[in-house]
Amino acid sequence: MGMRTKSEIEMNFSRALAQAEELETLSKELNEMATEHIRGAIRLLMLNWKGDNAELYCEKGEKLTHEMLDTADDLIKVAKSIATTADIVYTAETAAIGMGF
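Every value quoted in this text rests on a predicted model; they were computed, and no experiment measured them.

Draft legend 1. Highlighting a negative patch on the surface. Residues E67, D70, D73 and D74 make up a contiguous surface patch of negative charge. Residue placement: D70 occurs in helix 2 (residues 52-96).

Draft legend 2. Region of the structure containing helix 2. If you check helix 2, its first and last C-alpha atoms are 66 Å apart, about what 45 residues at 1.5 Å a residue would give, namely 66 Å. When we look at burial in helix 2, the residues that qualify are A54, C58, G61, T65, M68, L69, A72, A79, A86, Y90, E93 and T94. Packing partners of the buried residues in helix 2 comprise helix 1 (6-48). Phi turns positive, to about 85 degrees, at G98, one or two residues after helix 2.

Draft legend 3. Inspection of the nonpolar core at higher detail. Residues L30, A34, I38, I42, C58, M68, L69 and A72 constitute the largest nonpolar core, which totals 8 residues. Of all elements in the fold, only helix 1 and helix 2 reach the threshold of two or more residues within this core.

Criteria and thresholds
Residues numbered from 1 in each chain as written. Predicted model: local features only at pLDDT ≥ 70, side-chain atom pairs only at ≥ 80, totals over all residues. Heavy atoms only, no water. Patch = residues over 30% accessible without salt bridge, like charges linked within 9 Å, V, L, I, M, F, W, Y side chains within 5 Å. Areas by Shrake-Rupley, 256 points an atom, 1.4 Å probe, with all protein chains shown as cover. Salt bridge = Lys/Arg side-chain N within 4 Å of Asp/Glu carboxyl O. Lys, Arg positive; Asp, Glu negative; His and termini not counted. Charge placed at Lys NZ, Arg CZ, Asp CG, Glu CD. Helix = DSSP H or I, 4+ residues; strand = E, 2+ residues; numbered from the N terminus. Expected span 1.5 Å × (residues − 1). Buried < 20%, exposed > 50% of the residue type's maximum accessible area, 1.4 Å probe, protein only. Contact = heavy atoms within 4.5 Å. Core = buried A, V, L, I, M, F, W, Y, C linked by side-chain atoms within 4.5 Å.

Keep in mind that these numbers describe shape and distance, not what the molecule does.
Encoded structure:
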């Protein structure tokens, strides 16, 4: 693989940042879904459904909520890693072609 051009470097950098941003957006949406929609539905369910089965179902819902929140956190970590790596690669590649800052 040869040296990249300035425009290729900038395009790759922009793509990586866009992917990181997309993951951050997905993380926020997943977090919102878990905290607002699922937890809200579980609370409503607990108010209107009593008994052993209701309790078990709500426990499963809470477990799902926690798993979704963990996944949302993981997405943020991946997004930050992509952005950091993109910055490192951008800096190295621009320095290699003599346009580093």
